[in-house]
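Fold and contact review
One letter stands for each residue in the lines below.
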Amino acid sequence: MLESPRNINSGKTNSGEKDFGTPRRTSGQEVTLEIDGMQVTVAAGTSIMRAAAEGGVNVPKLCATDSLEPFGSCRLCLVEIEGRKGYPASCTTPVEAGMKVRTQSPKLQTLRKGVMELYISDHPLDCLTCAANGNCELQDMAGVTGLREVRYGYDGENHLVSNKDESNPYFTYDPAKCIVCNRCVRACEETQGTYALTISGRGFESRVSPGQDQPFMDSECVSCGACVQVCPTATLQEKTVIEKGQAEHSVVTTCAYCGVGCSFKAEMKGNEVVRMVPNKDGHANEGHSCVKGRFAWGYATHQDRILKPMIRSKITDPWREVSWDEALNYAAAEFKRIQKKYGRDSIGGIVSSRCTNEEAYLVQKLVRTVFGNNNVDTCARVCHSPTGYGLKQTLGESAGTQTFKSVEHSDVIMVMGANPTDAHPVFASRMKKRLSEGAKLIVIDPRHIDLVRSPHVAADFHLQLKPGTNVAILSALAHVIVSEGLLATEFIAQRCEDKAFQQWKDFVALPENSPEAMQEITGVSAELVRGAARLYATGGNAAIYYGLGVTEHAQGSTAVMGIANLAMATGNIGREGVGVNPLRGQNNVQGSCDMGSFPHELPGYRHVSDSTTRHLFEQAWGVEIQPEPGLRIPNMFDAALDGSFMGLYCQGEDIVQSDPNIQHVAAALAAMECIVVQDIFMNETAMYAHVFLPGSSFLEKDGTFTNAERRISRVRKVMPPKAGYADWEVTIELAQRLGYEMHYAHPSEILDEIARLTPTFHGVSYEKLDRLGSIQWPCNEAAPLGTPIMHVDHFVRGKGHFIITKYVATDEKVTRKFPLILTTGRILSQYNVGAQTRRTSNVQWHEQDLLEIHPHDAEERGVVDGGWVSIHSRAGETVLRAKVSERMQPGVVYTTFHFPESGANVITTENSDWATNCPEYKVTAVQVKPVSEPSEWQKKYTRFSKVQHELLGKARQSKSIA
Amino acid sequence: MDMQNLVHMANKIGDFFEAMPDREEALLGIAGHLHNFWEPRMRSQLLDYVDAENGKDLKPIVVTAIRTYRSKLVSQH
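Residues numbered from 1 in each chain as written. Chains lettered and ligands numbered in written order. Predicted model: local features only at pLDDT ≥ 70, side-chain atom pairs only at ≥ 80, totals over all residues. Heavy atoms only, no water.

**Focus: the interface of chain A and chain B**
With 33 residues of chain A at the interface, the matching set in chain B holds 29 residues. Taking both sides of the interface into account, the surface hidden between chain A and chain B amounts to around 2,600 Å²; carbon and sulfur atoms contribute 56%. On the surface where chain A and chain B come into contact, there are four salt bridges. Taking the shortest distance from any N to any O, the salt bridge between aspartate 811 of chain A and lysine 12 of chain B comes out at 3.4 Å. (Contact = heavy atoms within 4.5 Å. Buried area = accessible area lost by both parts, 1.4 Å probe. Salt bridge = Lys/Arg side-chain N within 4 Å of Asp/Glu carboxyl O.)

**Some points on the state of the cysteines**
Residue and element names in this part refer to chain A. Under the defined criterion, the tally for this structure stands at zero disulfides over all chains. Between cysteine 63, a free cysteine, and cysteine 74, which holds the nearest cysteine sulfur, the sulfur-to-sulfur gap is 3.9 Å. Given the relative accessible area of 1%, cysteine 63 is considered buried. (Disulfide = S-S within 2.5 Å. Buried < 20%, exposed > 50% of the residue type's maximum accessible area, 1.4 Å probe, protein only.)

**What to know about the sheet that holds strand 29 (residues 703–706) of chain A**
Residues and elements named next belong to chain A. Within the open sheet, the three strands sit side by side as 29-30-31. Their pairing is antiparallel. Taken across any chain shown, the strands that pair with only one partner, and hence form the sheet edges, are strand 29 and strand 31 (774–776). Here the strands of the sheet are splayed against their neighbours by 30 degrees on average, with no regard to which way each runs. Here strand 30 (residues 711–715) runs beside strand 31; their pairing, made up of three bridges, is antiparallel. By the bridge assignment, isoleucine 712 is partnered in strand 31 with isoleucine 775. Along the sheet, helix 9 (residues 357–371) makes contact with strand 29 and strand 30, crossing strand 29 at roughly 95 degrees. (Pairing = 2+ DSSP bridges. Helix = DSSP H or I, 4+ residues; strand = E, 2+ residues; numbered from the N terminus. Axes fitted to C-alpha atoms, helices over the stretch in contact; angles between N-to-C directions.)

**Regarding the domain arrangement of chain A**
All names here are of chain A. Domain annotation for chain A reports domain 1 (12–104), domain 2 (137–301), domain 3 (322–383 + 588–726), domain 4 (388–582) and domain 5 (820–944). Each of domain 3 and domain 5 has a C-alpha centre, and the two are 29 Å apart. In this complex, domain 3 contributes 19 residues to the contact, which on the side of domain 5 involves 27 residues. Buried area between domain 3 and domain 5, both sides added, is near 2,000 Å², and the carbon and sulfur share of it is 53%. Joining domain 3 to domain 5, the criterion identifies zero salt bridges. (Domains from an automatic or database assignment.)

**Quick look at the sheet that holds strand 15 (residues 347–351) of chain A**
Residues and elements named next belong to chain A. Strand order in the open sheet formed by seven strands is 14-13-28-27-26-15-16, and the pairing between neighbours is mixed. Edge positions in the sheet fall to strand 14 (320–321) and strand 16 (376–378), since each of these pairs with one other strand and no more. The pairing of strand 26 (residues 647–651) with strand 27 (residues 674–679) spans five bridges and is parallel. Bridging from a neighbouring strand, tyrosine 649 pairs with valine 676 of strand 27. Against the sheet, helix 22 (residues 633–642) touches strand 15, strand 16 and strand 26, its axis set at about 125 degrees to strand 16. Contacting strand 26, strand 27 and strand 28 (691–694), helix 25 (residues 727–737) crosses the sheet at an angle of about 155 degrees to strand 26.

**Section: helix 16 (residues 515–522) of chain A**
Residues and elements named next belong to chain A. Inspection of helix 16 places Pro515, Met518 and Thr522 among the buried residues, and these make up the whole buried set. For helix 16, the angular spread of the buried residues around the axis is 65 degrees, confining them to a single face. For helix 16, the elements touching its buried residues are helix 13 (470–483) and helix 17 (526–538). Glycine 523 sits one or two residues past helix 16 and shows a positive phi near 80 degrees. (Arc of directions from axis to C-beta.)

**Re the packing of helix 9 of chain A against helix 26 (residues 747–757) of chain A**
Residue and element names in this part refer to chain A. Two elements in contact, helix 9 and helix 26, have axes separated by 9 Å at closest approach and are oriented at 70 degrees. Looking at the two axes, helix 9 sits roughly perpendicular to helix 26. Two packed elements cross with a definite hand, and for helix 9 against helix 26 that hand is left-handed. Contacts between helix 9 and helix 26 involve Asn357, Glu358, Tyr361, Leu362 and Lys365 from the former and Pro747, Ile750, Leu751, Glu753, Ile754 and Leu757 from the latter. Among the residues forming the contact of helix 9 with helix 26, the class breakdown is seven nonpolar, one polar and three charged. (Parallel < 35°, antiparallel > 145°, perpendicular 65-115°, else oblique. Left-handed = near helix turned anticlockwise from the far one by under 90°. Nonpolar A, V, L, I, M, F, W, Y, C, P; charged D, E, K, R; others polar.)

**A short note on the pairing of strand 12 (residues 272–278) of chain A**
If a strand is regular, its side chains alternate between the two faces of the sheet. Residue and element names in this part refer to chain A. In terms of residue burial, strand 12 counts as a mostly covered element, since six of its seven residues are buried. Of the pairings in the sheet, the one linking strand 11 (residues 263–269) to strand 12 comprises six bridges and is antiparallel in character. Residue pairing across strands places phenylalanine 264 opposite proline 278, the latter belonging to strand 12. Between strand 11 and strand 12, which follow one another and run antiparallel, lie two residues, and glycine 270 among them has a positive phi close to 60 degrees.

**Quick notes on unusual backbone geometry**
Residues and elements named next belong to chain A. Note that the residue after tryptophan 777, namely proline 778, is joined by a cis bond; omega there is 0 degrees. Secondary-structure assignment places proline 778 in the loop between strand 31 and strand 32 (820–825). A positive phi angle is found at aspartate 213, which is not glycine, with a value near 50 degrees. Tracing the sequence through the fold places aspartate 213 in the loop between strand 8 (207–210) and helix 5 (226–230). On the accessibility criterion, aspartate 213 (59% relative accessible area) is exposed. Here the phi dihedral of histidine 456 falls at roughly 65 degrees; this positive angle occurs in a residue that is not glycine. Turning to its location among the elements, histidine 456 is positioned in the loop between strand 19 (453–454) and strand 20 (457–458).

As structure tokens, this is what we get:
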């Protein structure tokens with residue numbers, strides 16, 4: 001078994017890592033200089049401070065840290081340079097060839113001591129009881145400079161009685177401890193890109209100010225934690241550290257929220273998490289974080305966790321707490337009974353995109369070996385299945401083409417149907433950094449998302465299209481590229497299939513695809529479309545980033561192919577700074593798809609009808625595998641209502657809340673005879689379940705997640721599973737009770753099996769992941785260290801395949817009865833169905849889902865800001881509070897789906913993508929009107945939910961009596 | 001399963017492939033898609049429907065594709 005790398009905090013820097021003081025510079029040119037008599041060679045442009053640190057000499061410093069550009073304010077890092085007057089700051093002075101530097105001398109010692117003395121004369125001397133004790137750079141520097149006395153005394157004017165700002169639920173701002181080093185202000189600008197902090201006042205009055213002298217919670221602060229991370233004192237301090245003290249060890253792991261997949265150090269005391277700190281060496285995030293990963297992890301130990309297995313024969317029965325053995329035996333017996341009665345294909349499983357790759361692999365293996373069918377699907381069905389289909393058809397692989405870091409080389413960034421600042425915040429920070437350096441931005445979105453205009457970022461083009469017209473706009477963009485001669489003809493001739501290209505070219509050149517002709521459909525002026533197309537085609541390295549606003553449509557797959565067509569047509573594929581980049585919703589959407597969770601594919605995206613692949617797995621697993629595709633999630637519901645699908649093993653997904661047309665889903669589940677839910681909470685789906693198997697959080701198990709860049713990263717167990725088993729162990733137990741043995745002592749052995757059977761994973765192992773930190777697949781004999789950029793010399797499928805993408809209007813049309821279009825999305829502080837974030841203080845930012853509506857539409861209906869409104873579609877009706885907002889265009893309303901009682905998915909319909917059945921969440925025709933009470937569905941939901949909680953309460957009660 | 005829904009889904013597949021200039025490719029595309037992504041019980045229901053209702057409400061290109069490649073669409077087990 002492999003051990004987790006556990007680090008003891010050195011206490012030297014904020015997160016126990018070496019701090020080089022200023023950022024790494026890359027340059028073709030190297031410079032050699034002499035520091036304290038030692039020859040040091042570094043890249044040109046490197047600071048003296050960093051050169052010294054690389055040579056092993058740590059020059060004292062306070063305002064410098066290697067995640068931020070040098071600032072030169074603290075005057076502690078002064079050095080002497082031979083032949084130069086004065087004492088330059090080593091952080092702001094670049095190295096020069098032949099320079100002779102001295103970092104220590106009696107004069108430097110005196111200067112530094114003098115500076116420290118001034119700092120300490122206005123700093124509380126409560127080191128022993130201070131939260132930063134043991135992890136304070138000011139304390140360290142007082143020690144390094146040899147400060148022994150403060151000649152000025154402590155009675156002068158000072159800041160020691162300043163009031164703390166406790167408004168943020170996760171960290172405290174104590175101005176009394178601030179040394180005004182500006183690190184936090186710079187982190188907010190440079191690392192996060194929000195510009196929420198500044199220094200207000202001058203001279204002695206200078207203090208850090210969120211917004212305009214506001215409390216943190218009232219400012220624009222997004223609580224990413226970048227300021228807390230760089231603060232050298234206890235001025236900005238995590239409340240958990242104030243409460244618990246410094247950690248004694250840390251474990252590197254991967255965040256379980258979005259598809260960015262940030263690497264974190266879980267700082268621990270025993271089995272308790274003290275704080276989560278973004279990992280500087282993390283390849284996806286490079287030391288940055290967002291409010292969810294950094295702070296919203298308290299759900300993992302929330303009292304709502306269900307820790308005992310439970311069963312019941314009917315969903316109207318009270319739950320009964322039972323042993324693991326009894327629960328698993330019951331589930332196995334039920335599955336056997338159902339298959340006997342209704343046939344082999346009457347049961348199936350759902351793989352979670354939140355669980356690990358190893359767990360995903362085991363669930364699909366269970367379905368294929370034990371259930372004996374291909375009825376396995378994953379929640380990726382309802383988000384990025386069109387990505388898998390569309391990119392496979394055009395480029396040859398169901399994955400994004402780049403690394404996140406690649407955006408640093410982009411000259412033009414096109415963001416389509418994605419809202420990265422809210423949904424992929426850590427990547428959005430990288431993107432904003434590049435944009436503020438001058439890259440051009442094209443936003444294609446019905447909403448005025450934050451990226452369109454925020455501090456130091458403005459879209460050059462915002463194509464504010466009508467929801468449901470993505471394919472029309474993509475064809476219009478392609479039309480401009482073809483008709484104005486902007487094609488990358490050489491690239492296309494060398495890299496793409498000629499016949500398909502010619503057909504595509506003829507198609508997009510048709511007058512009906514011109515921006516002028518499409519104007520009426522998309523609502524975007526032809527001039528804007530032409531401008532955006534020219535910029536994308538001729539502006540240098542152009543990259544497309546897209547999200548669920550592209551995939552969750554009736555033509556989701558068509559739009560993905562349209563995007564790939566644009567990239568191929570302009571040669572924007574196969575190198576840094578370009579590419580086609582799906583921003584994945586959940587942490588392991590990419591991974592769950594890679595693992596063969598779809599009903600038509602075995603691991604590695606190989607169709608079940610491919611007999612060579614099937615035989616490979618049949619030999620390894622010792623069973624016969626069906627050559628026919630199984631049911632997709634929406635098909636499972638239809639089959640349930642039809643009476644031919646009666647049992648489901650659902651691991652870590654809340655289909656009742658997250659899938660469209662809730663009433664249809666609920667009716668389907670109610671028709672089934674055995675639903676086994678494995679989850680950490682009693683979620684909405686569990687209310688329809690017969691067996692509840694307690695799940696384990698990402699902190700409780702070993703495994704791997706694969707993020708949107710195909711990056712496989714380790715998840716490491718930092719505490720034992722609260723309910724006794726990790727999820728992968730539960731699947732093994734269930735398989736065994738159904739008569740199939742799975743022999744794995746550790747998840748590393750599961751990955752070994754995946755690697756053995758999947759060509760794109762041949763070279764992946766836990767040992768290599770520990771060594772390299774993370775690996776982007778394909779990783780095999782041809783690419784032993786992984787593949788950061790795909791399709792470099794040729795496409796995975798050989799030649800790129802252009803596909804004709806004809807716009808077909810959705811059936812979800814606005815009518816007199818339903819004159820508005822509802823589109824859905826998520827916000828920064830909450831995550832997906834909210835099961836995790838609703839159980840954290842993140843609710844302080846977003847405590848309910850709101851309906852955003854344009855002032856014009858609001859006024860016409862008598863809707864007021866904050867008032868109750870009903871939203872009615874042909875599928876159902878729900879009631880929310882209104883938020884009147886100009887982010888919306890007239891005719892379009894928007895809501896999030898983070899709270900079950902909001903019932904956003906009561907309204908959405910079962911319309912879906914033609915190729916993959918991915919639901920059309922983004923387009924629902926609705927009517928909105930002011931009301932005074934909840935909808936019928938909500939009243940029914942409240943009653944049902946109350947009854948279910950009582951039935952759960954009975955299980956707990958009976959246990960405590962027993 | 002709900003026949004109306006299956007007809008609707010099949011027509012959407014038809015919409016996509018119908019745009020192809022090469023009709024043979026379009027027909028093969030439709031049949032191939034149904035074969036690769038539709039679970040056998042969905043396909044048999046669709047085939048039965050084409051027989052019984054003469055493809056009512058289905059796009060002509062979908063009916064042609066199903067009839068041309070019928071043997072490919074029959075479940076193998």
